[in-house]
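# Summary of structural features
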Amino acid sequence: MNRFKITRKLLPYFAIFFLFKIAKAQEIKPVFEGYKLMRSDENEDFWRKNKPTKPLLYQLKLIPLNPAHSVNFTIGGQIRTRYEVFQNDTWSDNPKQDKGIYGHRLALHTGLQLGKHLRVFGELYHGFYGQKVFSQYEKLDLHQALAEFTLPLETTQLKLIAGRQEFNWGTGRIVSLREALNMRRSFDGARVISKSHKLKIEGFYALEVIPQFDPFNNSSRHAPKFWGVNFAFALPKKLGNLELYYYGYQRINAKFQNAAGLETRHSLAFRASIENGKHFNHNSGIIYQFGSIDKSAISAWSFQSDMHYIWSEARYKPNLGLKLEYVTGDKNASDQQLNTFNPMFNNPSYFGLLNKMTSMNLKGIHPSFQMNLKPTLRVKAEANFYWRANKNDGLYAPSLANIRAGKNTQDSYIGTQLGASFEWDLSKNVTFSNEFAYYIAGKYLEDSGGSENITYNVTTLNFRF
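Check the secondary structure of the protein chain and you find three helices and 22 strands. In terms of principal-axis extent, the alpha carbons of the protein chain reach across some 70 × 55 × 50 Å. Of all intrachain contacts in the protein chain linking residues separated by at least 6 positions in sequence, the fraction that spans at least 24 positions is 59%. Treating the 59 positive side-chain charges of the protein chain as one cloud and the 39 negative ones as another, the clouds have centres 5 Å apart.

Here the phi dihedral of asparagine 88 falls at roughly 60°; this positive angle occurs in a residue that is not glycine. Along the polypeptide, asparagine 88 turns up in the loop between strand S2 (71-87) and strand S3 (99-114). Judged by relative accessible area, which is 13%, asparagine 88 ranks as buried. Even without being glycine, threonine 90 reaches a positive phi, approximately 60°. You can see threonine 90 is positioned in the loop between S2 and S3.

Glancing now at the packing of aromatic side chains. All chains considered together, the criterion is met by 28 aromatic pairs. Judged by centre distance (5.0 Å) and plane angle (85°), the ring pair of phenylalanine 187 and phenylalanine 345 falls under edge-to-face. Highlighted residues: phenylalanine 187 in strand S7 (residues 187-195) and phenylalanine 345 in the loop between strand S15 (337-338) and strand S16 (362-374), separated in sequence by 158 residues. Taking the relative accessible area as the measure of exposure, phenylalanine 345 reaches 1% and is therefore buried. Taken together, the aromatic side chains of Phe167, Trp169, Phe187, Phe204, Phe226, Tyr245, Tyr247, Tyr249 and Phe345 make up a single cluster linked through ring pairs. Seen from the ring of phenylalanine 86, lysine 99 lies directly overhead, with NZ or CZ sitting 5.6 Å from the centre. Taking the ring centre of tyrosine 350 as reference, the NZ or CZ of lysine 323 above it sits at 4.3 Å.

Here we take up the pattern of salt bridges. What the rule picks out here adds up to 23 salt bridges. We note a salt bridge from aspartate 214 to lysine 139, for which the minimum N-O separation is 3.9 Å. Of this pair, aspartate 214 sits in the loop between strand S8 (199-208) and strand S9 (225-234) while lysine 139 sits in strand S5 (residues 138-152), and the two are 75 residues apart along the sequence. By relative accessible area, lysine 139 is classed as partly exposed at 39%. Its salt-bridge partner being arginine 378, residue glutamate 423 comes within 3.0 Å of it at the nearest N-O pair. Placement of the pair is glutamate 423 in strand S20 (residues 413-425) and arginine 378 in strand S17 (residues 377-387), with a sequence separation of 45 residues. Glutamate 423 gets classed as partly exposed once you look at its relative accessible area, which sits at 36%.

Turning to a nonpolar patch on the surface, a few remarks are in order. On the surface, Phe231, Phe233, Leu244, Leu268, Phe270, Ile286, Tyr288, Phe290, Trp301 and Phe303 cluster together to form a nonpolar patch covering roughly 860 Å² of accessible area. For the nonpolar patch, the elements supplying multiple residues, two or more each, are S9, strand S11 (260-276), strand S12 (280-293) and strand S13 (296-310). Considering every element that reaches the nonpolar patch, the biggest residue donor is S12, with three residues. Within the secondary structure layout, tyrosine 288 lies in strand S12.

Confidence in the prediction for the protein chain averages 89 pLDDT; 92% of positions are at 70 or higher. Note on residues 22-31: pLDDT is under 50 here. Beyond four places in sequence and across chains, it has 19 contacts.

By secondary structure assignment, the location of glutamine 144 is in strand S5. Here glutamine 144 falls in the buried class, since its relative accessible area comes to 0%. As a C-alpha pair, glutamine 144 and arginine 185 span 41 residues in sequence and 9.8 Å in three-dimensional space. In contact with glutamine 144, other than residues within four places in its own chain, are Ser40, Phe121, Gly122, Glu123, Arg164, Gln165 and Glu166. Among the polar contacts made by the side chain of glutamine 144, one reaches the main-chain amide nitrogen of glutamate 166 at a distance of 3.3 Å.

Time to look at the pairing of strand S6 (residues 157-165). When S5 meets S6, the two strands line up antiparallel, connected through eight bridges. What sits directly across from glutamate 148, in S6, is isoleucine 161. In this structure, the hairpin formed by S5 and S6 is closed by a connection of four residues. Sheet topology note: the S6/S7 ladder contains nine bridges and is antiparallel. In the sheet register, leucine 160 faces S7, and the bridge partner there is valine 192.

Moving on to the side chain of asparagine 347. Tracing the sequence through the fold places asparagine 347 in the loop between S15 and S16. Ignoring sequence-local partners within four residues, the contact set of asparagine 347 consists of Gly172, Arg173 and Ser176.

Ranked by internal contacts, the top residues of the largest apolar core, which has 27 residues, are Phe167, Ile174, Phe226 and Tyr247. Residue assignment for this core shows that the elements contributing at least two residues are S8, strand S10 (240-255), S12 and S13. Top contributing element to this core by residue count: S10, with four residues. Among residues more than four places away in sequence, those in contact with phenylalanine 226 are Phe167, Trp169, Val175, Phe187, Phe204, Tyr205, Ala206, Tyr247, Gly248, Met344 and Phe345.

On to the pairing of S10, then. On a regular strand, one side chain projects to one face of the sheet and the next to the other, so that they alternate. In this sheet, S10 lies alongside S9 in antiparallel orientation, the contact comprising 10 bridges. In the sheet register, lysine 225 faces S10, and the bridge partner there is glutamine 250. Once S9 ends, the chain turns through five residues before running back antiparallel as S10, passing lysine 237 with a positive phi of about 60°. Connecting S10 to the next strand, S11, in antiparallel fashion are four residues.

Basis of the calculations
Residues numbered from 1 in each chain as written. Predicted model: local features only at pLDDT ≥ 70, side-chain atom pairs only at ≥ 80, totals over all residues. Heavy atoms only, no water. Helix = DSSP H or I, 4+ residues; strand = E, 2+ residues; numbered from the N terminus. Contact = heavy atoms within 4.5 Å. Lys, Arg positive; Asp, Glu negative; His and termini not counted. Charge placed at Lys NZ, Arg CZ, Asp CG, Glu CD. Buried < 20%, exposed > 50% of the residue type's maximum accessible area, 1.4 Å probe, protein only. Phe/Tyr/Trp six-rings, centres within 6.5 Å; stacked < 30°, edge-to-face > 60°. Lys NZ or Arg CZ within 6 Å of the ring centre and 35° of its normal. Salt bridge = Lys/Arg side-chain N within 4 Å of Asp/Glu carboxyl O. Patch = residues over 30% accessible without salt bridge, like charges linked within 9 Å, V, L, I, M, F, W, Y side chains within 5 Å. Areas by Shrake-Rupley, 256 points an atom, 1.4 Å probe, with all protein chains shown as cover. pLDDT = per-residue confidence, 0-100. Polar contact = N/O pair within 3.5 Å; in protein donor to acceptor, adjacent residues only side chain to side chain. Pairing = 2+ DSSP bridges. Core = buried A, V, L, I, M, F, W, Y, C linked by side-chain atoms within 4.5 Å.

Structural data, given as structure tokens:
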């Protein structure tokens with residue numbers, strides 16, 4: 001490895017160390033809630049109320065451009081470095097599948113608030129990965145560029161957001177940021193949002209932005225089209241939310257094990273998010289999909305439930321979780337009907353950072369246990385048990401690609417994935433985490449191809465400002 005490559009890999013670590021020292025030196029109030037998962041959602045009102053008395057990094061969050069402070073500029077960003085180690089990646093015994101890969105994400109965003117009603121926001125992304133992999137390696141591109149117009153009515157806030165932007169709804173099973181990968185997902189389109197005390201309605205039309213390797217050539221041309229409407233109802237006594245939504249989706253050259261061609265799919269869904277006091281929370285949803293692909297009709301559905309009991313008053317706040325899901329696969333290759341569910345813009349790390357499969361033709365049981373050893377240190381252990389929902393369909397990757405056929409075996413058991421992780425907030429800006437996973441291949445993998453057990457470990461250092 002030459003000196004240039006070594007320097008390129010170490011540079012993000014030096015930058016994080018320098019910025020960590022700056023942040024550590026400040027006597028500041030907690031600002032974790034000021035940083036949002038979607039950086040375009042960050043609110044200048046928070047920084048106006050919580051601006052530290054001795055700011056250095058944080059003064060970038062709110063820069064007034066006029067005496068009345070009605071026009072404000074903000075700067076933020078992220079440096080995330082990651083090292084992954086694979087043994088028998090893709091369940092293969094090929095020596096090339098035993099590897100260590102370094103990657104990082106660099107992001108820089110700016111926002112300009114022009115009075116009470118207009119805001120513009122832009123974000124640049126760079127991703128590096130040891131291999132040229134889709135959504136991991138990207139020299140430089142415009143990730144977001146949007147304008148937001150807000151109109152406060154008497155009892156309702158009306159908002160229009162147009163341009164390149166991120167979508168992230170629910171648990172991320174079918175619409176997610178793709179946060180685990182270096183290049184997050186964005187869309188070219190528009191949203192209209194109406195929000196009152198008890199009801200939020202959101203309508204949209206957009207096209208997915210497809211990442212490319214070279215600078216500033218990401219495009220939504222010929223990309224999947226996406227449109228729909230969400231209704232979110234707040235339950236009384238702050239018990240949670242009920243959501244109803246319709247999503248329309250279209251992509252050319254779709255490929256499933258038993259169908260291919262132009263796919264037009266409609267999703268009708270219901271989701272309930274319930275919080276019962278301090279101890280129990282429950283998130284469940286059911287989705288029905290219909291439409292067509294080439295000359296075949298589509299009829300598919302999925303059910304997901306995520307339950308947690310939290311001993312919130314106990315030391316370490318133990319959290320016992322159980323996630324269940326059933327996602328349909330195709331029943332018959334020759335009946336002119338496709339039953340394979342499509343999770344569309346799914347979260348690749350929904351089952352952990354070892355993202356080998358997605359919610360298509362899948363049954364799963366996922367118990368977990370989490371504790372907060374400190375307010376800044378969280379540990380978690382989990383197990384994931386997987387089966388095929390239908391023996392006439394195969395296995396699918398988060399990219400929606402059919403990676404294993406289902407025709408040559410009648411066994412349903414895919415395998416078991418065991419995992420352990422921790423996440424440690426080193427400062428207000430820096431988080432250090434590690435995740436280990438061991439995937440035990442089942443009979444279906446043995447009958448359909450490579451079936452070596454996978455060992456995986458990933459270490460992440462993340463700085464945000």
